[in-house]
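Examination of the molecular architecture
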Amino acid sequence: MHSDTAPPAVYIIGGQRWAKNAPGFSDAIAYAFEHRLRPRCLCRRNSDGQGIEMYVARLMDGYIVKRMPETGCDHAPDCPSYEPPAEFSGLGQVLGSAITENLNTGETILKLDFPLTKMPGRSQMPQTGSDSESVATDGTKLSLRGLLHYLWDQAELTKWHPGFESKRTWGTVRRQLLSAAEYKFARGDSLRSRLYIPETFFVDDREAIIARRSAQWLQALSAPGKPQSLMLLICEVKEIVPARYGFNAVVKHVPEQTFALDEQLYRRLGRRFKSELTLWGADRDIHMVMVATFCVSGSGVPTIQELCLMPVNRQWLPVENEFENQLLIRLINEHRSFVKALHYNLSRRNSIANVLLTDTASPVELHVVSQNHDPSASAPASEEESANAIQRWAWNPWQQALP
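Quick look at the structure, then. None of the values given here were measured: they were computed from a predicted structure. (Residues numbered from 1 in each chain as written. Predicted model: local features only at pLDDT ≥ 70, side-chain atom pairs only at ≥ 80, totals over all residues. Heavy atoms only, no water.)

When helices and strands are tallied, the chain shows 9 helices and 22 strands. Sorting the 403 residues of the chain into buried and exposed places 46% on the buried side. Put simply, 63% of the contacts in the chain that link residues at least 6 apart link residues at least 24 apart. As displayed, the chain has an accessible area near 19,700 Å², and 49% of this comes from carbon and sulfur atoms. (Helix = DSSP H or I, 4+ residues; strand = E, 2+ residues; numbered from the N terminus. Buried < 20%, exposed > 50% of the residue type's maximum accessible area, 1.4 Å probe, protein only. Contact = heavy atoms within 4.5 Å. Areas by Shrake-Rupley, 256 points an atom, 1.4 Å probe, with all protein chains shown as cover.)

Under the definition given, this model contains 11 aromatic pairs. Ring geometry for Tyr11 versus Phe25: centroids 6.0 Å apart, planes at 25 degrees, classification stacked. Within this pair, whereas Tyr11 is found in strand β1 (residues 10–13), its partner Phe25 is found in helix α1 (residues 25–34), the two being separated by 14 residues in sequence. Across this residue pair, the class does not change: Tyr11 and Phe25 are buried. Ring geometry for Phe247 versus Tyr266: centroids 3.7 Å apart, planes at 5 degrees, classification stacked. Separated by 19 residues along the polypeptide, Phe247 in strand β15 (residues 247–251) and Tyr266 in helix α7 (residues 263–272) bring together distant segments of the chain. In this structure Phe247 comes out as buried when scored by relative accessible area, which is 14%. (Phe/Tyr/Trp six-rings, centres within 6.5 Å; stacked < 30°, edge-to-face > 60°.)

Next up on the list: the side chain of Arg194. With respect to the secondary-structure elements, Arg194 resides in helix α5 (residues 191–194). Of the polar contacts made by the side chain of Arg194, one reaches the side chain of Asp189; its length is 2.8 Å. Look past the residues within four positions of Arg194 in its chain and what remains in contact with it is Leu116, Asp189, Gln219, Ser229, Leu230, Met231 and Leu232. (Polar contact = N/O pair within 3.5 Å; in protein donor to acceptor, adjacent residues only side chain to side chain.)

The next point concerns unusual backbone geometry. One non-glycine residue with positive phi stands out, namely Ser166, at about 70 degrees. Mapped onto the fold, Ser166 is located in the loop between β9 (159–160) and α4 (170–181). We classify Ser166 as exposed; its relative accessible area is 68%. Unlike most non-glycine residues, Tyr183 shows phi in positive territory, near 65 degrees. With a relative accessible area of 25%, Tyr183 lands in the partly exposed category.

This part covers the packing of helix α3 (residues 144–154) against α4. Orientation of α3 relative to α4, taken along the N-to-C sense of each, is 105 degrees, at an axis distance of 8 Å. Between α3 and α4, the angle falls in the class roughly perpendicular. Here Leu151, Trp152 and Gln154 of α3 lie close against α4, whose contacting residues are Val173, Leu177, Ala180 and Ala181. Each residue belonging to the contact of α3 with α4 can be placed in one class, and the counts come to 6 nonpolar, 1 polar and no charged. (Axes fitted to C-alpha atoms, helices over the stretch in contact; angles between N-to-C directions. Parallel < 35°, antiparallel > 145°, perpendicular 65-115°, else oblique. Nonpolar A, V, L, I, M, F, W, Y, C, P; charged D, E, K, R; others polar.)

Before going further, it helps to examine the nonpolar core. One finds Trp152, Ile234, Met290, Ile304 and Leu307 to be the most contacted residues of the largest nonpolar core, which totals 62 residues. In this view, Ile234 contacts Leu148, Leu151, Trp152, Trp170, Leu177, Leu195, Tyr196, Ile197, Pro198, Val289, Met290 and Val291; residues no more than four positions away in its chain are not counted. Among the nonpolar cores identified, the runner-up in size contains 18 residues, and Phe164, Leu328, Val355 and Val364 belong to it. (Core = buried A, V, L, I, M, F, W, Y, C linked by side-chain atoms within 4.5 Å.)

Taking burial as the measure, the 11 residues of α3 include 9 buried ones, the bulk of the element. Backbone geometry just after α3 places Glu156 at a positive phi near 60 degrees.

So, about the packing of α7 against helix α8 (residues 274–282). Across the interface, α7 lies against α8 with an axial gap of 5 Å and an inter-helix angle of 80 degrees. Judged by the angle between their axes, α7 and α8 are roughly perpendicular. Residue-level contacts link Leu269, Gly270, Arg271 and Arg272 of α7 to Lys274, Glu276 and Leu277 of α8. Its residues placed into classes, the contact of α7 with α8 shows 2 nonpolar, 1 polar and 4 charged.

Structural data, given as structure tokens:
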């Protein structure tokens, strides 16, 4: 999968050159799968001059070409298969432990550190107020924030190049997230079947949209004496307001239905996500994305059990603070191509690059220095380092304006 409108990849399969989605391409990769052939991506030539090795996985009744694990950084930065080194973001901590891929089936198994069921008669203590929730785990399981960051990466919503301008709408974001969730499994279930992302709302389609939503929510309805399945919600929050009992999250594209929060969860929300809420309130161009687990009561009311918030800018690129947002706006206005780094399970105290430029001769890490920054953490690469080493650039907003 590649986001928005990027050009298709080109492969060598069985000695013949193929562009992805060209007529006959599906038959070519089916042949490669049956005969155990490794397609070669022609974005770069390796030492034998044959391109970067890929593999073909069988998915349901079709086939797909996928990059070999841990080879994303071997591809050219403008290639659809390019991926920054795992250590560039929090992905490196969870890859291979919380996230494992089956090369034969192309399926990915995710280990989660939050529940997807609610036991009857047992109240769940939401972890939203804890610093451990979606912030810091040992890397063997994905936190709620880690899952959101993984899906955002897999949907390639962390990538940007000038061709994406004005093309990244909520409909595009939804489509790419649902595609990213395909063939991902957690606790024995398909992640895609558990994931609810609101459709773009149109008044003329109101009844059909509500019917599709109700059909999907049937799996999360409570049943007396039985464990209740929880669903995953990814949405844009419009507002969180007091209700007659507790509080309600008003979600964009779901105008006639709110999501209930109890008072305890609301209070923890304000403490845990104070900086995110402050950024959202101060900048009208910031959207607030929420990932949550929720159940549906016998009366049909969806109730949030656990949640995490992630501010994004107008292009749906995640931002942690206003300084990082300034950097992204500058890069977008200057028509640059880049990848935004995400923390996954890592605490924000763990320093990672903010952005990786991909339109340079070799990738360049961009760092926005925090107040408690260690200057040695973003020292430039020495001349003795490999020519392929990622170079570093740093901006300290506490000492200078954006250079």
